[in-house]
Amino acid sequence: MTAYDSLVEHLKETQLVGSINSLLGWDERTKLPKGGGAYRAEQMTYVSGLLHKMRTDPRVGDWLAEAEQQVGEQDPHSDQATVLREARRSFDKLTKLPQDLVENITRAEVEGQQAWVDARAADDFPAFAPYLKRIIELKRQQAEAIGYDDCIYDALMDDFEPGEKTSNVRSVLEGLREDLVPLVEAISESANRPDTSILTRSYPASAQESFGTMAAAAIGFDFERGRLDVTHHPFCTEMGPDDTRITTRYDEHFFPMAFFGILHEAGHGIYDQGLRGDHYGTGPGEYLSLGFHESQSRMWENQVGRSLPFWTHMYSKAQDNFDSLQAVALSDFYFAINNVQPSLIRVEADEVTYNLHIIIRFELEQAFMSGDVSVEDLPGAWSEKYQHYLGITPPNDADGVMQDIHWSAGLIGYFPTYSLGNLYAAQLFDKADEELGGLHQQFERGEFQPLKDWLVEKIHKPGRCYSASELIERVTGNPLSHSHLVDYLYGKLGPLYGIERP
Ligand code: ZN
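Just so it is clear, the structure is predicted and the values come from calculations on it, not from any experiment.

Side note on the pattern of salt bridges
In step 1: Going through the model one piece at a time under the given rule, you end up with 34 salt bridges.
In step 2: In this structure, the salt-bridge partner of Arg 177 is Glu 178, at a minimum N-O distance of 4.0 Å.
In step 3: Accessibility expressed as a relative area gives 18% for Arg 177, which makes it buried.
In step 4: Judged by relative accessible area, Glu 178 falls into the exposed class, the value being 52%.
In step 5: The residue Lys 461 makes a salt bridge to Glu 457 at a minimum N-O spacing of 3.4 Å.
In step 6: Given the relative accessible area of 35%, Lys 461 is considered partly exposed.
In step 7: For Glu 457, a relative accessible area of 48% corresponds to the partly exposed category.
In step 8: Several salt bridges converge on common partners, so that one network encompasses Glu 86, Arg 89, Lys 93, Asp 158, Asp 159, Glu 286 and Arg 464.

Observations concerning the coordination of the zinc ion
In step 1: Here the zinc ion is held by His 264 (NE2), His 268 (NE2) and Glu 294 (OE), and the distances to it run 2.1 to 2.2 Å.
In step 2: Judged by its relative accessible area of 10%, His 268 falls in the buried class.

Section: the domain arrangement of the protein chain
In step 1: Under the domain assignment used here, the protein chain contains domain 1 (3-147) and domain 2 (166-497).
In step 2: Across the contact, 37 residues belong to domain 1 and 45 residues belong to domain 2.
In step 3: Between domain 1 and domain 2 lies a buried interface of about 3,500 Å² when both sides are counted; carbon and sulfur atoms form 61% of it.
In step 4: Of all residues in domain 1, the largest losses of buried area upon contact with domain 2 belong to Trp 26, Arg 120 and Phe 125, amounting jointly to 19% of the total for that side.

So, the environment of Pro 76
In step 1: Within the fold, Pro 76 resides in the loop between helix H3 (58-71) and helix H4 (79-96).
In step 2: Distance from Pro 76 to Tyr 466, taken between C-alpha atoms, is 8.4 Å for residues 390 residues apart in sequence.
In step 3: For Pro 76, the contacting residues outside a window of four places in its chain are Ala 81, Thr 82, Arg 85 and Cys 465.

Let's talk about the packing of helix H8 (residues 166-189) against helix H20 (residues 483-497)
In step 1: One way to put it is that H8 packs onto H20 with a least axis distance of 11 Å and a crossing angle of 5 degrees. Judged by the inter-axis angle, H8 sits roughly parallel to H20. Contacts between H8 and H20 involve Leu 176, Asp 179, Leu 180, Leu 183 and Ile 187 from the former and Leu 485, Val 486, Leu 489, Tyr 490, Leu 493 and Tyr 497 from the latter.
In step 2: Considering only residue class, the contact of H8 with H20 consists of ten nonpolar, no polar and one charged.

Some details on the sheet that holds strand E1 (residues 226-230)
In step 1: The three strands lie next to each other as E1-E3-E2, forming an open sheet whose pairing is mixed. Here the strands that pair on one side only, and so sit at the sheet edges, are E1 and strand E2 (236-238). Here the average twist between neighbouring strands, direction ignored, is 20 degrees.
In step 2: In terms of strand pairing, E1 meets strand E3 (residues 244-248) through five bridges, oriented parallel. Directly across from Gly 226, in E3, lies its bridge partner Thr 244.

Some details on the side chain of Arg 245
In step 1: Position of Arg 245 relative to the elements: it lies in strand E3.
In step 2: For Arg 245, the contacting residues outside a window of four places in its chain are Trp 26, Arg 227, Phe 235, Cys 236, Thr 237 and Met 239.

A look at H20
In step 1: Spanning 15 residues, H20 covers 20 Å between terminal C-alpha atoms, matching the ideal 21 Å at 1.5 Å per step.
In step 2: Buried within H20 are the following residues: Leu 485, Val 486, Tyr 488, Leu 489, Tyr 490, Lys 492, Leu 493, Gly 494, Leu 496 and Tyr 497.
In step 3: Tucked into the core, H20 has its buried residues touching H8, helix H11 (290-304), helix H13 (330-337), helix H14 (353-370) and helix H16 (416-436).

Section: helix H2 (residues 37-55)
In step 1: The end-to-end C-alpha distance of H2, which contains 19 residues, comes to 26 Å, matching closely the 27 Å that a straight helix rising 1.5 Å per residue would cover.
In step 2: Those residues of H2 that fall on the buried side of the exposure criterion are Arg 40, Met 44, Val 47, Leu 51 and Met 54. Down the axis of H2, the sector holding all buried residues measures 80 degrees, keeping them to one side. Residues of H2 that are exposed and angled more than 90 degrees away from the buried face: Ala 38, Tyr 39, Glu 42, Thr 45, Tyr 46 and Lys 53.
In step 3: Where H2 is buried, its residues contact helix H1 (3-30) and H3.

Quick word on the pairing of E3
In step 1: Counted residue by residue, E3 has five buried out of five residues, so it is predominantly covered.
In step 2: What you see with E3 is no split at all: Thr 244, Ile 246 and Thr 248 on one side and Arg 245 and Thr 247 on the other are buried throughout.
In step 3: Where E2 and E3 come together, three bridges link them in antiparallel fashion. Looking at E3, one finds that Thr 237 is bridged to Arg 245.
In step 4: Here E2 folds back onto E3 in antiparallel fashion, the turn holding five residues, of which Gly 240 has a positive phi close to 155 degrees.

About the thresholds
Residues numbered from 1 in each chain as written. Predicted model: local features only at pLDDT ≥ 70, side-chain atom pairs only at ≥ 80, totals over all residues. Heavy atoms only, no water. Salt bridge = Lys/Arg side-chain N within 4 Å of Asp/Glu carboxyl O. Buried < 20%, exposed > 50% of the residue type's maximum accessible area, 1.4 Å probe, protein only. Donors = N, O, S within 2.8 Å, 3.2 Å for Na, K, Ca; no water. Domains from an automatic or database assignment. Contact = heavy atoms within 4.5 Å. Buried area = accessible area lost by both parts, 1.4 Å probe. Helix = DSSP H or I, 4+ residues; strand = E, 2+ residues; numbered from the N terminus. Axes fitted to C-alpha atoms, helices over the stretch in contact; angles between N-to-C directions. Parallel < 35°, antiparallel > 145°, perpendicular 65-115°, else oblique. Nonpolar A, V, L, I, M, F, W, Y, C, P; charged D, E, K, R; others polar. Pairing = 2+ DSSP bridges. Expected span 1.5 Å × (residues − 1). Arc of directions from axis to C-beta.

Listed below in C-alpha cells is the structure:
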C-alpha cells in the first residue's frame, strides 16, 4: 500500500469515528432523556479524545511527507492534491499548538461560558470581563503559534473560512455597511408598515411540521437520506454520506421561526447531501467553509423562501394548512415576512439589519484582538456602533455586548462567516438566474430542482478542490462583491417600502 493509500484509509477511519460523535451529539440535542446526560458527556469526551489521537497520529505526518513527495507537482484542484492539501492543513494546525495551550484554551472556554451565563443573567459585564480577557490572551497565543501573513485576525478566521484574508473581508463588509446604513434609515422613515400581527396568530405545531416538511422536500431536501426533528437551538448535522439531520422548534404563535428555520436548515442539509459520498472524510468531499455553508442555507431561506414567486406557488397550500391565513391577502403576508426593523438582538434580526449586527462584531473583534479597544471599553464601543449603524442604543449589556455565546466559547473570527454567507448567496443566485433563465418564473410553477441541481454541480461537488475566493470567481466570473446583496435588497424592499436607491 502506498503512503497516499494509507493516509486515505486513516482519514476515512477517522471520519468513521467523527460520524459516531455526530450521532451522539445529535441524539443529545434531540432525544436524550435528562438522566442520560452525565454518561453521554463521558461517551462524547471519550470519542473526542480518540478522534484527537487519530488526527494527530505521528504516522499521519510520515504518510503526508512521503505522499507529497511521491505525488509531486500536479493540478492543485485535482482530488488527490486536495486530499493532501486539506490533510496537511488540518494536521499542521493540530500539531503546531503546544498541549498545555490547548488545555488552557479548553478550560478558559468552559469557564468562560459558565461565567457568561451568570453575568448575562445578572447584567454584570464587569463580572465577565476577566474571563473574556483571558480568552483573548489565549487566542493571541494560539494565533502566534499557528502563524499568519498579514494580521492576527487572519489566523483566527482561518478556522472557519480557510485561507480568507481579513483585509479582503474588511473591504467587502465596509462597502456593504456604507450601502446598508442609508437603506435602514430610509426604511425606518418610510410610512409603509406591514401588519406583522398576521404572523403571531394561532399556528398549530402539527400543521407547521407538515407544511415545513412539505416545503423542505419541495426545495430538494432528501428525506430518504435525512430527517427533521425538534430541538431547542436548531442546527443541521450529518452522520454519514447518506444521513443528514435537520432540526427546528415550533412557536404556535409565531409562524416565521419554524418555517424559515426549516428552509434554512434544509439549505444546509441539501449542501451536505450534495457533497461527494465517495470522498466522505477527505477534502474533495468536505464542505468548503462556514461562509459557503451559510450561503446555501440563506439562499433557500431568503432569496427563495421570502420571495413573492415562492409564495405565489405556496400560499394556497399555506391557507389550506392554517386557518389564521384564510382571510389574509398574499400581498399582506408577503410584506409581513419581509418586515425590516432595527432591533437589539442579532438572532431576531431581519435580512437587512442582520448584516449590521455582524459588521459591528467583526469590527470590535479586530479592535480587541489588536488592542485598540480594551475589554473594559467594549460595552461603550458596542453601544456607540449600535447607535451609529442602527440608530438604537441597548438599554443594558445583557441585550448588548453580552447577547452572544461566541466570545465566551472562544469563537472569535466566526461572526463574519454569517455575512459572507449572505453575500455569497446573493452573488451565486444572480449567476444561477442568468444561466438558468428566470428562476422566479420557475418558482411560481413550483420548480426548484433546476436551482438545486445547479448548486450541487457548481458548489457542492467541488468540495474543497478550490478555495472560497477561487470558487466564487470560477462560478460567477467575479470576486466577491457586496453589490449583488445590495441590489437584491433594494429590488425587493424598494417597492414594499416605497423607497428608491440613492
Ligand atoms: Zn446557518
